Structure formats: C-alpha cells, structure tokens
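Breakdown of the fold
Each chain, written out:
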Amino acid sequence: MAMEKTFNAAEAESRLFSAWEEAGCFTAGANAKPGASTYCIMIPPPNVTGVLHMGHAFNNTLQDILIRWKRMQGFDTLWQPGTDHAGIATQMVVERRLAENGEPGRRDLGRDKFLEKVWEWKAQSGGTIINQLKRLGASCDFDRTAFTMSGAPGAPADEADGNFHDAVIKVFVEMYNKGLIYRGKRLVNWDPHFETAISDLEVENVETPGHMWHFKYPLAGGETYEYLEQDEDGNVTFRETRDYISIATTRPETMLGDGAVAVHPSDERYAPIVGKMVEIPVGPKEHRRLIPIITDEYPDPDFGSGAVKITGAHDFNDYQVAKRGGIPMYRLMDTRGCMRADGAPYGEEAAKARAHAQGADFSENEVDAINLVPDDLRGLDRFEARKLVVQQITDEGLAVMTTQVATDEDGNEVTTTVPMVENKPIMQPFGDRSKVVIEPMLTDQWFVDAEKVVGPALDAVRGGKVKILPESGEKTYYHWLENIEPWCISRQLWWGHQIPVWFDENGNQYCAASEAEAQAQAGDGVALTRDPDVLDTWFSSGLWPIGTLGWPNWSDETSKYFPTSTLVTGQDILFFWVARMMMMQLAVVDDIPFDTVYLHGLVRDAKGKKMSKSTGNVMDPLDIIDEYGADALRFSSAAMAALGGVLKLDMKRIEGYRNFGTKLWNAVRFAEMNDVYANGAPSREIPETSATVNQWIIGEVAKTREVVDAALEGFRFNDAANALYAFTWGKVCDWYVEFAKPLLNSDDEAIKAETRATMGWVLDQCMILLHPIMPFITEELWGQTAARDGMLVHEDWPTYGSERVNAAADREMNWVIATIEATRSTRAQMNVPAGAKIPMVVTQITDENDAAFAANQALIFKLARVESLSKVDAFPKGTATIAVDGATFGLPLEGVIDVAAEKARLEKNLGKLAKELGGLRGRLNNPKFVASAPEDVVTEAKANLAAREEEEAKLQDALARLAELG
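This part covers the packing of helix H22 (residues 651-673) against helix H25 (residues 749-770). Axis separation between H22 and H25 bottoms out at 10 Å; the angle between their running directions is 155 degrees. Put simply, H22 runs roughly antiparallel to H25. In the packing of H22 onto H25, the handedness of the crossing is left-handed. On H25, the residues that touch Phe660, Leu664, Ala667, Val668, Phe670 and Ala671 of H22 are Met759, Leu763, Cys766, Met767 and Leu770.

Dropping the structure here:
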C-alpha cells in the first residue's frame, strides 16, 4: 500500500504509543545487550495535582532524548516515572472539591475521613499528568510509576504495596537517632491561609504599593542628646536636641513585639545613646515597654534614619540580629495571621517583658507564651491592627512630622505639618497557592541539622564525582551549601508522612517507626500523643532515587540502577531538591544519587518574557501538540536547549519543525515512488557504492552520526538538533534527492540498484538518528516503508564514523554544492529572473575542479539555472564574479538585468533601512532606555539591530557588485 501524502500526527501518535507500551518497549532493561552498563534517569516527580505545562514538556523531552538514545545504544536503561504527593496543593484541591460538592469541610470530617477523601481524589484524578506525558512521547517505564505516599497508612490496595512511606519513616528515625533531626523554635515562612510553614520555593515576592511610616521612640526618663548630621568633610549640616530616636517601618503592627532598636557601630549620630532605653510608642501608657538601643552591623547608616527596630519573631533579618544579641523574640500573631488573643491581660504580660529588658533570664518557651498585643487589638486581623497602631501613635504625637506645601482656592501657598509617610513600592511575600501575604513566624518545627550532612554533598561535586552543568550551577551549589541554614521539614498539614514522634504529658519525645515501638520506649501505662505535623514534601522527594528503587528492600533488579546517571531539572530547584537529594542519599546509603546534573532555565516566550497568565503569553503544550504534533514541539525543545542559554519558545519555529517532518516524509515518499522499498526493507549494512554521489552521501551520514553523538554526550541538545536538521533537510532531502534523480533514471541497472539501496539505507539512518528527538514520525515511516523485524524504538544505534568518508567524493560533491549555492546567491543578489537560463564563463579553474564540473555538469546547469560554460581569458563587461575554491566563474548579465534600475532599487532599500537603523541605534545608545526599559524589550531591540545591520551589509555587497558591472 502506498504511503499517505502527509503524516497524520493526531491519528498516529496515540496508536504508536499504545503499540510501544503493549510491546514492552519501555520496560527497564528492554533492548539491553548482554552485560550492558546501566543508564538510569529519575523523572523530577511532578505534583500529583499537576497538569503538563511548557516546563514539563521541555524537561521531559530532554530526558526522553537521552533515554531513547541510550536504549538504542543497548544500555540497560530505566527511566523512572512517578509523582509527588504535593502536601499543600493536594490538600487545597480536595478541600475546594468538598466545598464545591457541599460536603463537610476538612475539620468537620476529621483527619482520617479527610485522608480517605484525598485518596479517593488521587485514584480519580491523580494520574492526569502521567497520561499527558505519554502524549509527549515520554518513554518511561510506566509500569513502575512511583508515588511518594505509596504504602502510607490508610492507602487503598493499589497504593498499599509500595514501600516509599516505609523508606521515609525509616530515614527520619535513623537521622533522629543520629542527632541529625531535632525539634526547635525558629523563624519560618508562615502561610496564614493554610496555617502551615512553607518553603522559600512556595513564596512569591511581588512588588506592591506600600507605605513607610516614620515614628519617634522616646528616650526613657525624658533624656535628651544632641543629634548631628555631617557632610563628607565633617562639616555639621544639621543640629538638633532630641528626646527620641526616629524609626521607619512598613509594618507598624509588629512594633508591639520589638526587642531592641539597632544602629550601626560606626554611626556617630547615635553614639551618645547606645545602651540607653527607649519606649515603644504604642500600647497603654501605663504599661509602656522599654527596650535597649544596641549596635549591630545590620543597619545601613545611609538608609532612612539609620536606626532599625528589631522584631525577631516577625522578620528574618531581625531574627539574626536578635540571635546575635540575645534579644527576646515575642510572637504577636496566631496561625491565622490575626493578633494573638490568648494569655494574661496586657498589663501582666508587659511586666514580664519589661523584666526581660532589664536583664532577667528567660527561655524561648517562656517568651513565646507572652502575648504583648494590647487588649484592644487582640483578635484583630493584622492589617486592621496596623491601621489602629498608626492612628494611636499619630494621636499621641509620636509620628515624625514633615511640612507639606499646598495651594488654596485663592492660589496662595499653604504650609501644613503632616505625619511623615512615604508611599513606595515594597517587595511583599505571597503564598504561591494561597495568594495571601506570608508572615515570618517564630514557631516550633522539626529541622534537619544541615551543617552535619552538607560536607559529603560538597565534596562529591568538588571532587568531580558529580558534575553540574552548566558550570555556573556549581558556584550556586557551593554558595548555598556553604551558607546552609537548618532545614525546616515539618508542615502543619494532614496530607503527608506524619512525623513518627510521640510525646508524653511532660513533653518527652519518643521517635519510632510505629506507635508500638514508641510505647515500648516510653513504658507501659505512659499515655502518648503523636505529633500531628507531617513532613515537608522536599524531605520525601529528597529520597526519590532510593525510594523509587525499593530501598531498603533492594533487589539486584532495582539496586543495579543506583547510583542513577543523569538528572535533568530546572535550575530553580538546585537547592530545594538537587542539593537535598545529594545530602540525603549520602547520609542514608553513603553514595551519590546521580553522576551528572543538567540544569536548565525557565521556558520563556519568543521575546524572552517569562510566561504568566497575567501577561497572557502562557502556551499549553497540549494545544501545540494538537496543532503541530508532538515531534515538532520536541524538536523545538531540543533546538533551544543550548547549555546555559535562554529558552525562548517561538511558535514559528515549531511550525517550521513540523514542516521539517513533512520534508522528511516527502523524501521517503519520493523513495517509495522510485521503487526503493520494492524488495522490502533496506539492508542494515552500508551499501557498496561506485557512484560518487552515493559515496558522498554515505560519508555525510557518517559525519553527522559523529556530530550527534558528541553533542548528546556533552548535553548540547541544540547542536544535535541543528546538525540533524541541516543534514536531513539540506544534504539528504534537497541535494541528495536531486543528485540521485539522474541515477534513478539511468539505463544502467546496476547504478539504479545501487542508488536505490543507498537511498533506502540513508533514509533509514535519518529515521534512526532522528528517532530520539522525533519518535512518532520516524516510527511511522519505519513501519510504513517495509515489513521490518522490529520497531524503530529498539533499532541499534549506529557506530560508523569518519572512516566511511570517501575523501575524493566528499571534496567533489561539496565543491559542486558550493558552486551551485554561490551561483544561486549571485543571481538572487543581482535580481536575475528566476526562470532565466544564462551562460556561465570561467577564467581560472584547477584540473581537479574542472573534472568535477564536467562530471556533474548536468546537475550544475539544472540547479544553478545555467545553460552553458565557456572558458575565457577575461570577463566581458557586465559580468558578475563568482569565486569558489579553486575556480573563478562569472555570469554575463549585460542585457539580462537593468543595472541602473537595480542600483536605484538597492539604494532606495538602503535609504529605508538607514532610517530604521538610525532609530534603533538611537534607542540603544540612550543609557536611559537601556537602564529603564524591560530586559526583553532591550534584547529585542538589539536583535532587530543585528538583523538590520546584516541586511544592510548584504545590500551594500550587492550594490558593490553592480558597480563592478559598470
């Protein structure tokens, strides 16, 4: 049956993927040669709530290219798929679903019933993204799909067999017993909506309109000091006697928890009052607290007043200052972000804090129990409390005042004094899912003592055992790990691995894999309560390599894939996931989790802008697959994957790669129509050839194979894609098909048979070499062209190389191509009518090239639109020169083109171009534009300038050629 005219991706892709799965093509070890080395990739587990987005499509395409390539090379491969249970995201989805269905909420259901609902949702909707990955062509071993909550208590039967939960609990217990995990009170990102700690990765810092209020903190006892400001030469520019120190804040409600005021040690303005006490200017006057003025390197003398309030329980910078200075840290808010309403009346609580300020000893828990929110503010939302705090301070006259000049109705200037409030944008942290303002909160959490496990992770990269690409990623890796803080691993959620620690009524801890073991530790009759918190998902996903391979119950069939080979992931989770996997695997099994980490950036739009719904530039990969097919999207992903480069996804390029697939399809159809497949599948052996054209194309295949392998070995996916594109479209579909036509129409049956065999072999090699990037169209062509003894997915990857290059044929045919291309370029520059066949002349040519021209004269005449070649001593007037290696040709154009008209056309185009260039250069030479314009706008302007300058150079070259014609 003849091939269809076009490739129907919509019909073929699902059919082919089903065939691959049914045949077990992706099973671990499939196609492995005896004694083969293993090659394993761990998929970065997407959230179980997730759907395929462009980042997933790009990331998984690169993984699939590597795994298909290694599988065809005969490696024992495993691409391990799976999903992460995504604590907050899943809990949010299920709670929203309960509300939409009118069912009882989480707290009404209780923990056990709610978790049943989560498992129900997971069974119904939790596999969405896995199914979407299949549409992309991801060749994971889906029978081994893992889940970070498999085997957890309450899991349904189909999730109960996995042991990931057991692995997580075992690691926690072992690390706890080694002193690597502890419970402590530290500042964390707190989400008031979900009422849980969250990681930095779940915080979005957004610039929002804000205010900076300036307030006076009065010196205790009415003391005063001389406040001086000086210029660079030491001259006094301002002098004032003050009984206060000025503080600026964007969060007045947190003043209630201040523990000190800090100034820089070098700030001479405040030297007279360092060590003295100041009064917090809010709260009942009779209970006002006094706090000390201290010195610390943190305040910037040149920013604002140079003095900062230290609220250690609600600011990360202040927290560090408070730790260094032994300053008490008072928590002001509850888990919902409201001002605390617990504890004794304010007067009693303030008295305790005053004692601490005067030097009384205190403990963390004692301080945390104190509620320093005045009675009239208790229970209020934090932003409502802010308004009241500002009003109370202003009413008392403790706001810093400034003059304001306005014009009245009669046009007279009126000067008034108003509180000093700056309207300014501030960076505000929001929960990426809750979209509420995140509150730095001092809470009791579980931590990994990261400093104790970071050493081997650093040594593995420093010693070269693990390679991070691009190399800039190593510097980031070192910086993070060398400055590591304790890792908060607890979350105040229900969905997740519940922390395996039980408490008795005295707060003693019993860590064990089960309640029975904990009870045995505590003794009979001791009542125990389990910690309700769950583990951060980064803790469990940090065990992804060993957890998915069945540890601690490893078998030879699973442990052989560890350590894994290549990790392909985004640079944004280098610390959150990659570094933690390094630390965890080394701490647990004393080995690295992978040997290479390939980091990529965010996929952006064609102009380099970050994709976002608000911008309206989000692209859905499934929509792209529907329109252009998965292969086009995959090839585009590979082509933009320059190591360390910016990832710009351009729909025109995707369309172009769809056309590239069509070009290959048409070349195979041409071969079919010329009986290339009449006798079945082409031989896998390289054909014996006598024709120069056939010898040449075999060498081009061999050179391309070497380039592609070297590029993939170096993770230069773009170089592999570009080499395949140039070879398949240019050398095979254009030049070789044209060069082969005379041979296929020859009367010499031996040459015809040789050319058919060569063309069939060459097109098969195109399919093989392209398969890792474009699996669907290549597999379809493989199956349609002939009855084969196996699918393309398991075809052996070729090993031939430059030894297959025939030097003489290579030189001859590439010289012929260069001659034709140079002739075509000259015709285009001179605007020679496309259909005009014109004579060619030559003044000098080597004997070797003369023979090459003679041997390929018919092809050159046809493809360059030349009707004859004459040797002359000198070019006649009006001849356009064509210089190629070892020859100088000319095209006599007198009477063929109107030189004057062509000059006028080119000069007119150059004039238009000059205006565009002037505008672009003016913008880019303007420092204000470069500094203030968005980065993508500046980048686009530079790209436009480069393109216009290239166009200008071509026009000037053409004009110069015309000038030579006289």
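Structure shown, so let's carry the discussion forward.
On to the environment of aspartate 605, then. The topology assignment puts aspartate 605 in strand E28 (residues 603-605). The class for aspartate 605 is buried, based on a relative accessible area of 10%. Between the C-alpha atom of aspartate 605 and that of methionine 619, which follows or precedes it by 14 residues, the distance is 8.3 Å. What aspartate 605 contacts, discounting residues up to four positions off in sequence, is Met611, Asn617, Met619, Lys648 and Leu649. Of the polar contacts made by the side chain of aspartate 605, one reaches the backbone nitrogen of lysine 609; its length is 2.8 Å.

Structurally, glutamate 779 is set in helix H26 (residues 775-785). Buried within the structure, glutamate 779 lacks any salt-bridge partner; its nearest side chain of opposite charge belongs to arginine 68, at an N-O separation of 5.9 Å. Looking at glutamate 779, its side chain comes within polar contact range of the side chain of tryptophan 20, at 2.8 Å. In terms of polar contacts, glutamate 779 uses its side chain to reach the backbone amide nitrogen of leucine 792, at 2.7 Å. In this view, glutamate 779 contacts Leu16, Trp20, His771, Met791, Leu792 and Val793; residues no more than four positions away in its chain are not counted.

This part is about the layout of surface pockets. A volume near 1200 Å³ is recorded for the second largest pocket. Lining the second largest pocket are 41 residues, and of these Thr250, Arg251, Tyr298, Asp315 and Asn317 lie nearest its centre. Among the elements of the structure, strand E7 (203-218), strand E10 (244-249), strand E14 (307-310), helix H9 (316-325), helix H12 (382-395), strand E17 (421-431) and strand E18 (439-448) are those that each provide at least two residues to the lining of the second largest pocket. Counting residues per element, the lining of the second largest pocket draws most heavily on E17, which supplies six residues. Here the residues of the lining of the second largest pocket sort into 16 nonpolar, 13 polar and twelve charged.

The final tally for this structure, using the stated rule, is 64 salt bridges. Of the charged contacts in the structure, one is a salt bridge between lysine 387 and glutamate 384, with a shortest N-O distance of 3.4 Å. Taken together, the residues lysine 387 and glutamate 384, both in helix H12 and three residues apart, mark about one turn of the helix. Among the residues examined, glutamate 384 registers a relative accessible area of 41% and is labelled partly exposed.

As a further point, take helix H8 (residues 164-177). In a regular helix each residue adds 1.5 Å, so 14 residues correspond to 20 Å; H8 covers 20 Å between its end C-alpha atoms and thus fits that length. Along H8, ten of the 14 residues are buried, which leaves the element largely enclosed by surrounding structure. Residues of H8 that are buried: Phe164, His165, Ala167, Val168, Ile169, Val171, Phe172, Val173, Met175 and Tyr176.

What follows is about helix H29 (residues 857-864). What H29 keeps buried is the set Leu859, Ile860, Phe861, Leu863 and Ala864. Against the buried residues of H29 lie helix H24 (717-744), helix H27 (807-829), helix H28 (847-855) and strand E31 (866-871). Phi for arginine 865, located one or two positions after H29, is positive at around 60 degrees.

All right, on to the nonpolar core then. Of all hydrophobic cores here, the largest spans 199 residues; its most connected members are Phe172, Tyr477, Phe539, Phe717, Phe739, Leu763 and Phe889. At 14 residues, the largest contribution of residues to this core is made by H24. When near neighbours in sequence (up to four residues on either side) are disregarded, phenylalanine 539 contacts Val168, Val171, Phe172, Met175, Ile181, Val448, Trp487, Ile489 and Met584. In this structure, Leu219, Ala307, Leu377 and Val389 belong to the second largest nonpolar core, which totals 42 residues.

Before going further, it helps to spend a moment on the sheet that holds strand E30 (residues 838-845). What the four strands build is an open sheet, ordered E31-E30-E33-E32; its pairing is mixed. Looking at the sheet topology across the chains shown, the edges are occupied by E31 and strand E32 (879-884). Recorded for the sheet is a direction-independent mean angle of 30 degrees between the axes of neighbouring strands. Running over the sheet, H28 touches E30, E31 and strand E33 (887-892) and is turned about 155 degrees from E30.

Note on placement: asparagine 674 falls in the loop between H22 and helix H23 (692-713). Within the local environment of asparagine 674, its side chain forms a polar contact with the backbone oxygen of phenylalanine 670, the two atoms lying 2.8 Å apart.

We now examine the pairing of E10. When you tally the buried positions in E10, you get five out of six residues, the bulk of the element. Of the pairings in the sheet, the one linking E7 to E10 comprises six bridges and is antiparallel in character. Considered in E10, the bridge of tyrosine 217 is made with isoleucine 245.

Conventions used here
- Residues numbered from 1 in each chain as written.
- Predicted model: local features only at pLDDT ≥ 70, side-chain atom pairs only at ≥ 80, totals over all residues.
- Heavy atoms only, no water.
- Axes fitted to C-alpha atoms, helices over the stretch in contact; angles between N-to-C directions.
- Helix = DSSP H or I, 4+ residues; strand = E, 2+ residues; numbered from the N terminus.
- Parallel < 35°, antiparallel > 145°, perpendicular 65-115°, else oblique.
- Left-handed = near helix turned anticlockwise from the far one by under 90°.
- Contact = heavy atoms within 4.5 Å.
- Buried < 20%, exposed > 50% of the residue type's maximum accessible area, 1.4 Å probe, protein only.
- Polar contact = N/O pair within 3.5 Å; in protein donor to acceptor, adjacent residues only side chain to side chain.
- Lys, Arg positive; Asp, Glu negative; His and termini not counted.
- Salt bridge = Lys/Arg side-chain N within 4 Å of Asp/Glu carboxyl O.
- 1 Å grid on protein atoms, 1.4 Å probe; cavity = no way out; pocket = protein on both sides within 12 Å on 5 of 7 lines; lining within 4 Å.
- Points joined across faces, edges and corners; volume = space filled by probe spheres on them.
- Nonpolar A, V, L, I, M, F, W, Y, C, P; charged D, E, K, R; others polar.
- Expected span 1.5 Å × (residues − 1).
- Core = buried A, V, L, I, M, F, W, Y, C linked by side-chain atoms within 4.5 Å.
- Pairing = 2+ DSSP bridges.

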